[in-house]
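Chain and residue survey
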Amino acid sequence: MIPLLRSEWTKFRTVRGWIAGSIVAILLTAGVGLLGAAGTVRSCEGPQGNVCPEIPIGPGGQAVSDRFSFYHRALPGDGAITVKVTGVSGVITYPPPGHDQIVPGVVPWAKVGVMVKRDLTQGSAYTAVMVTGDHGTRVQDDFVNDLAAGRDPWLRLTRTGDVLTGATSPDGTSWRTVSSTRLAGPAVIGLFATSPCDVTLGQGSLGGVVGACRLTNVTGKFEHIGVEGAAGPWTHDDVGAEPGAPSLSVGSARDWGSTIQLTGSGDIAPAGIDGGAVIERTLSGATIGLIAVIVVGVLFVTAEYRRGLIGATLAASPGRTGVLPAKAVVVAAVTFAGGLVAAAVAVPIGLRLMRDRNNAIAPVTTLTEVRVIVGTAALLAVTAVLALALGALFRRSAAAVITTIMLVLLPQLLATASVIPAPAAEWLLRLTPAAGFAIQQSIPAYPQVEDYSIPALGYYPLPPWGGFAVTCLYAAAALAAAVVTLRRRDA
Amino acid sequence: MTAIRSEWTKFRTLPGLPWLVVLLVVVTVGVGAAAAALVPCCDVLPSRVSLAGVLAGQVAAVALAVGVVSGEYATGMITTSLLAVPGRGRLLAAKALLTGGLTLAGALVAIPVSAAVGPGATPTAVAGSIVYLVLVSQLAVGVAALVRDPAVAMGVTLGVLYGFPLVARMVQDPAWQERLVWISPMEAGLAVQGGLEPVGTWAGLAVPAVWAAVALAAGRARAGRARLTGP
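What counts, and at which threshold
Residues numbered from 1 in each chain as written. Chains lettered and ligands numbered in written order. Predicted model: local features only at pLDDT ≥ 70, side-chain atom pairs only at ≥ 80, totals over all residues. Helix = DSSP H or I, 4+ residues; strand = E, 2+ residues; numbered from the N terminus. Rg over C-alpha atoms; globule rule 2.2 N^0.38 Å. Buried ≥ 20, exposed ≤ 12 C-beta atoms within 10 Å, placed from the backbone. Contact = placed C-beta atoms within 7 Å. Domains from an automatic or database assignment. Nonpolar A, V, L, I, M, F, W, Y, C, P; charged D, E, K, R; others polar. Core = buried A, V, L, I, M, F, W, Y, C linked by C-beta atoms within 7 Å. Expected span 1.5 Å × (residues − 1). Axes fitted to C-alpha atoms, helices over the stretch in contact; angles between N-to-C directions. Parallel < 35°, antiparallel > 145°, perpendicular 65-115°, else oblique. Left-handed = near helix turned anticlockwise from the far one by under 90°. Pairing = 2+ DSSP bridges. pLDDT = per-residue confidence, 0-100.

Before going further, it helps to examine the overall build of chain B. The number of helices and strands found in chain B is eleven helices and zero strands. Ordered by position in the sequence, the α and β elements of chain B form the string α-α-α-α-α-α-α-α-α-α-α. The C-alpha radius of gyration computed for chain B amounts to 18 Å, which stays within 12% of the reference 17 Å derived for 231 residues, consistent with globular compactness. Principal-axis analysis of the C-alpha atoms places the extent of chain B at approximately 55 × 35 × 25 Å. Burial statistics for chain B: of 231 residues in total, 58% are counted as buried. Considering only contacts in chain B between residues 6 or more positions apart, those separated by 24 or more positions represent 74%.

Here it is as structure tokens:
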């Protein structure tokens, strides 16, 4: 195997066109993304000058939405809050199809309930038990964790030591514990109400999909309110409220002693598409670089057929089985190294360029950033192997290039930039080698967010490594078929 | 005229090439019909849905152009062709005319049939998409004459066609998206199907026309100078 690898590597590095193609792939991958990053300028002209609002960061490090109406007291130590939610109503502005009326209604993820939160700053740790518009009773904490808890109207949140226990009950007597989380130190305890905007997707003027976010609010009615361990008076705060916001989104509380009515608008959840630019935007060049990679991968084998070199190659390796795997290893290694250089340059420099132009970047962990960079390089390498295998199967470079591009790029194009509806687009990105682009998605889609999680806006239906595995399966199957065919057929 | 006739003879006797015209029709109609079946009625422009197959079908037009032009360099047939038609510009023009004519013939079947199968299309969209496919074939002829290697020619042409829209979607910055649309032959060219307000309808077809003209001129320049064989 080692001599085979060495001979294939010698071929690769001595053919000028293949090296040139690999360099073109690197330049396209890094250059296109950097150009896009350099051109992405965000302007936030307002009364305070060009200052963009800060995006709150949750305890887990992700960008979050944290805006709600909060009626609360201080919680210095142990304590508990118990309520019965007796009514949830709300307002939705300008819903489809007419988009011309403000109607009563509650959006599926409107939330009213009880909460213990570290403090009133946006993004601080919390645990909440809530009744939602259409998803039943739930317990959520720290923005990303979400547990379903039936449809009970009684909610209770207890703190003992630093353990918070969320419980629900159908009647206020028999309680079912749903979750337990940790929150130590002084905190605030109280009632909250919030309602995310109603999302509609439409065609943009440039042909892509554009999400529209229409204001809603929710009013929760609380009775049988019992609070233990709290200190200080009841206070109302509109957490995260922006000055000059429309009156429908301004929170309010009315307290009649036995009944409290709370109105609010906003969301307490991962920020989704509003959480800033995603890091993979600096790697948009990979789709174009991929074409150069495909051409090199195909030519690495078809050129041998065209020039008759294949005869010498096969004479040197009469078993034939090792030839294509050796070629695959060489082309994958070269492409991976080149892709790694391109991505490792494009991501940090691209992010720097975007930050300099006022763009907020959705924060991700270092591990995710490494996965996006290495994953992009790996995706290029696996595609090169697929192209090589198809080149060996077809022995005609034009046919192999067309087939690989139609397998990898056309589904991606149809799914993200055409009229194909989201469900069909998601199947395209599950079943074709284009699934591998999922490795670039840095921000996951959360089920508890009414968001724009469709392919056209950068959300893939498969998890990153799952999607990558689909592409690997295609490459492995094609390579296996090519090895078998090479053994059987006349060179 | 004789040059075109000899190109026609080569085309119809070579295995594979005539099938590409059939493929153009089948893929365009097939993908269009699939899109029409998938998209719920009236959500988006009917012209876009009916003619969605052009996105995939244009690959056949590109393959045809590359086959007609690059194929001869690969087999060495180009020497014989140039002995018979010494004017290199004339030979390229004959190849361009043949490819354009065949694509036009395929498109004249594929586009009206797609419109009939799908939820319908405006006459502007039908006529414009036919013109678009012919322009794409001319772009591919120019690129193939310029780079000669069939794989590289396919890669460059499809990269130009598919690359811009994919990057434009990922950039998500409206100003840049609009700039990219205006240099993207596919996006601007298909604005004739409607739904792309900043480009309008007919004006967008100028973009693939300019690309095709530049590619043909560059291909002509290379054909006039470079040696015959080798990459």
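Our next topic: the overall build of chain A. Summing up its helical and strand segments, chain A has nine helices and 21 strands in all. C-alpha atoms of chain A, sized along the principal axes, occupy 95 × 50 × 40 Å. A total of 491 residues make up chain A; the buried ones form 52% of that total. Sequence separation of 24 or more characterises 76% of the internal contacts of chain A that already satisfy a separation of 6 or more.

A few words now on the domain arrangement of chain A. Residue and element names in this part refer to chain A. When cut into domains, chain A gives domain 1 (2-40 + 276-488) and domain 2 (64-270). Just the C-alpha atoms count here: the centres of domain 1 and domain 2 sit 44 Å apart. Counted by class, the side of domain 1 that touches domain 2 contains seven nonpolar, one polar and two charged residues.

Facing the 42 residues of chain B at the interface are 40 residues of chain A. With 15 residues, the top contributor of residues to the side of chain B that touches chain A is helix α8 (residues 150-171) of chain B. Taken together, the residues of the side of chain B that touches chain A break down into 29 nonpolar, seven polar and six charged.

This next bit is on the nonpolar core. Residue and element names in this part refer to chain A. With 234 residues, the main nonpolar core has V298, V385, L388 and A389 as its most contacted residues. Among the elements that make up this core, the one with the highest residue count is helix α6 (residues 366-394) (18 residues). Counting contributing residues per domain, this core is built from domain 1 (2-40 + 276-488) and domain 2 (64-270), each supplying no fewer than three. Setting aside its immediate chain neighbours within four residues, V385 contacts A328, V331, A332, A475 and L479.

A word on helix α2 (residues 17-38) of chain B. Since the α-helix advances by 3.6 residues per turn, residues separated by three or four positions end up pointing in the same direction. Across its 22 residues, α2 of chain B extends 32 Å between first and last C-alpha, which sits within 8% of the 32 Å expected from 1.5 Å per residue. For α2 of chain B, every residue scored as buried is listed here: L20, V21, L24, V25, V27, T28, V29, V31, G32, A35 and A36 of chain B.

This part takes up the packing of helix α3 (residues 286-307) of chain A against helix α7 (residues 397-416) of chain A. All names here are of chain A. Between α3 and α7, whose axes approach to 9 Å, the crossing angle comes to 150°. The pairing of α3 with α7 is recorded here as roughly antiparallel in orientation. Once α3 is placed against α7, the crossing between them reads as right-handed. Across the interface between the two elements, T287, L290, I291, I294, V295, V298, L299 and T302 from α3 touch S397, A400, V401, T404, I405, V408, L409 and Q412 from α7. A breakdown of the residues in the contact of α3 with α7 according to their chemical character gives eleven nonpolar, five polar and no charged.

The side chains of a regular strand alternate, first on one face of the sheet and then on the other. All names here are of chain A. By the bridge criterion, four bridges tie strand β19 (residues 252-255) to strand β20 (residues 259-264) in an arrangement that is antiparallel. Within β20, the position partnered with D255 by the bridge is I260. Where β19 folds back onto β20 in an antiparallel hairpin, the turn is made up of three residues, including G257, whose phi is positive at roughly 85°.

With that settled, the discussion passes to the confidence of the model for chain B. All names here are of chain B. Across chain B, the average pLDDT comes to 84, with 92% of residues at or above 70. The least confident element of chain B is helix α5 (residues 77-84), whose mean pLDDT is 74; the most confident is helix α7 (residues 123-147), at 93. Confidence metrics for the complex model read pTM 0.88 and ipTM 0.86.

All names here are of chain A. Pairing within the open sheet is antiparallel, and its seven strands lie in the order β10-β9-β8-β7-β14-β4-β18. Each edge of the open sheet carries a strand with a single partner, namely β10 (145-148) and β18 (231-239). The sheet shows a mean angle of 20° between the axes of neighbouring strands, direction not considered. Of the pairings in the sheet, the one linking strand β4 (residues 68-75) to β18 comprises six bridges and is antiparallel in character.

Another aspect to go through is the packing of α3 of chain A against α6 of chain A. The packing of two helices is summarised by the inter-axis angle and the distance between the axes. All names here are of chain A. Between α3 and α6, the shortest axis-to-axis distance is 7 Å and the interhelical angle comes to 35°. The two elements α3 and α6 cross, and the hand of that crossing is right-handed. On the side of α3, the interface is formed by A286, G289, L290, V293, I294, V296, G297, V298, F300, V301 and T302, while α6 contributes T376, L380, T383, A384, A387, L388, L390, G391 and A392. Looking at the contact of α3 with α6, its residues break down into 14 nonpolar, six polar and no charged.

Residues and elements named next belong to chain A. Residues other than glycine seldom take positive phi values, yet F143 does so here, at roughly 75°. Among the structural elements, F143 can be located in the loop between β9 (137-141) and β10. We note that N358 has phi near 75°; this positive angle belongs to a residue other than glycine.

Moving on, we get to the environment of L410 of chain A. In this fold, L410 of chain A is placed in helix α7. Overall, L410 of chain A belongs to the buried group, with 21 C-beta atoms counted inside 10 Å. For the pair L410 of chain A and W234 of chain A, spaced 176 residues apart in the sequence, the C-alpha separation amounts to 59 Å. Excluding residues within four positions of it along the chain, L410 of chain A makes contact with I405 of chain A together with A56 of chain B.

Once that is clear, we can look at the pairing of strand β13 (residues 176-182) of chain A. Residues and elements named next belong to chain A. In the sheet, strand β12 (residues 163-169) pairs with β13 via six bridges, with the strands oriented antiparallel. The residue bridging T168 from the neighbouring strand is R176, located in β13. Linking β12 to β13, which pair antiparallel, is a turn of six residues; within it G172 sits at a positive phi near 90°.

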